[in-house]
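Summary of the model geometry
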Protein chains: 2
Amino acid sequence: MSSLSREPNTVFIGRKPPMSYVLAVITLFSAGNTEVTLKARGQAITTAVDAAEITRRRFMKDANIGKITIGTEEIKQEEGGTRMVSTIEITLARE
Amino acid sequence: MSSLSREPNTVFIGRKPPMSYVLAVITLFSAGNTEVTLKARGQAITTAVDAAEITRRRFMKDANIGKITIGTEEIKQEEGGTRMVSTIEITLARE
């Protein structure tokens, strides 16, 4: 699953529905990780919050929201130049 | 400005462009508040992150991101029933 491969314990949020990423988070916890981080930028930020909330409210009631950080990244545009995009990282921790 | 009125020191993020809310945040800081909270739900979550980032990176370099919390609210639908929507609260603090 490509959303799992680039960094350990990390799920990169894209344009799929939140449940796709909930499943990725559950997979990582089931593999023995005690922390899983969701990373998103731009419009996917809302999906990241949805996925974190669905995970802890519906599927893993022992998972807590840990650190949440926001930031800004510069993105190179195909037509030249750069634009700024907001980012979020949400860490879910399981006892 | 309706986005300022319901709670003190709080800007409610809706469907306007991020700069509308940046101006509301700056107005509250300029009035002497040392903390301002941005509240958003659903798709407006991304706009809240954009507004917080634009405020501290472009306009108020002495403002820091404080507490960030996410949650879920139940919304009553016009056609009956309820649906869940994710929420975010971002507090900006100025020294």
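Reading the values: the criteria
- Residues numbered from 1 in each chain as written.
- Chains lettered and ligands numbered in written order.
- Predicted model: local features only at pLDDT ≥ 70, side-chain atom pairs only at ≥ 80, totals over all residues.
- Heavy atoms only, no water.
- Salt bridge = Lys/Arg side-chain N within 4 Å of Asp/Glu carboxyl O.
- Helix = DSSP H or I, 4+ residues; strand = E, 2+ residues; numbered from the N terminus.
- Buried < 20%, exposed > 50% of the residue type's maximum accessible area, 1.4 Å probe, protein only.
- Least-squares fit on C-alpha atoms with pLDDT ≥ 70 in both.
- Contact = heavy atoms within 4.5 Å.
- Pairing = 2+ DSSP bridges.
- Axes fitted to C-alpha atoms, helices over the stretch in contact; angles between N-to-C directions.

Tallied over the full model, the rule gives eight salt bridges over all chains. The partner of lysine 39 of chain A in a salt bridge is glutamate 89 of chain A, with the nearest N and O atoms 3.8 Å apart. In this pair, lysine 39 of chain A sits in strand β2 (residues 35–41) while glutamate 89 of chain A sits in strand β4 (residues 82–94), placing the two residues 50 residues apart along the sequence. Of the charged contacts in the structure, one is a salt bridge between glutamate 73 of chain B and arginine 41 of chain B, with a shortest N-O distance of 2.6 Å. Remark: arginine 41 of chain B occurs in strand β2 (residues 35–41) and glutamate 73 of chain B occurs in strand β3 (residues 63–76); sequence separation between them is 32 residues. In this structure arginine 41 of chain B comes out as partly exposed when scored by relative accessible area, which is 43%.

Turning our attention to the relation of the copies chain B and chain A. Relative to chain A, chain B is turned by 180° and slid 0.0 Å along the rotation axis, the superposed coordinates differing by an RMSD of 0.0 Å. In symmetry terms, the pair is related by a two-fold rotation axis. Comparing interface residues between copies, 100% of those in chain B also sit at the interface in chain A, which points to an isologous, same-surface contact.

Our focus in this paragraph is the sheet that holds β2 of chain A. Across the sheet, four strands lie side by side as β1-β2-β4-β3 (chain A); this open sheet has mixed pairing. Of all the strands in the sheet, just β1 (10–12) and β3 (63–76) of chain A have a single pairing partner and so form its edges. Neighbour to neighbour, the strand axes of the sheet diverge by 20° on average, direction disregarded. Alignment of β3 of chain A against β4 of chain A, held across 12 bridges, turns out to be antiparallel. Each bridged residue has a counterpart across the sheet, and for isoleucine 68 of chain A the counterpart in β4 of chain A is isoleucine 90 of chain A. Helix α1 (residues 18–30) of chain A rests against β1, β2 and β4 of chain A of the sheet, and its axis sits at about 165° to β1 of chain A. The strands touched by helix α2 (residues 44–59) of chain B within the sheet are β3 and β4 of chain A, with β3 of chain A carrying the most contacts at an inclination of about 65°.

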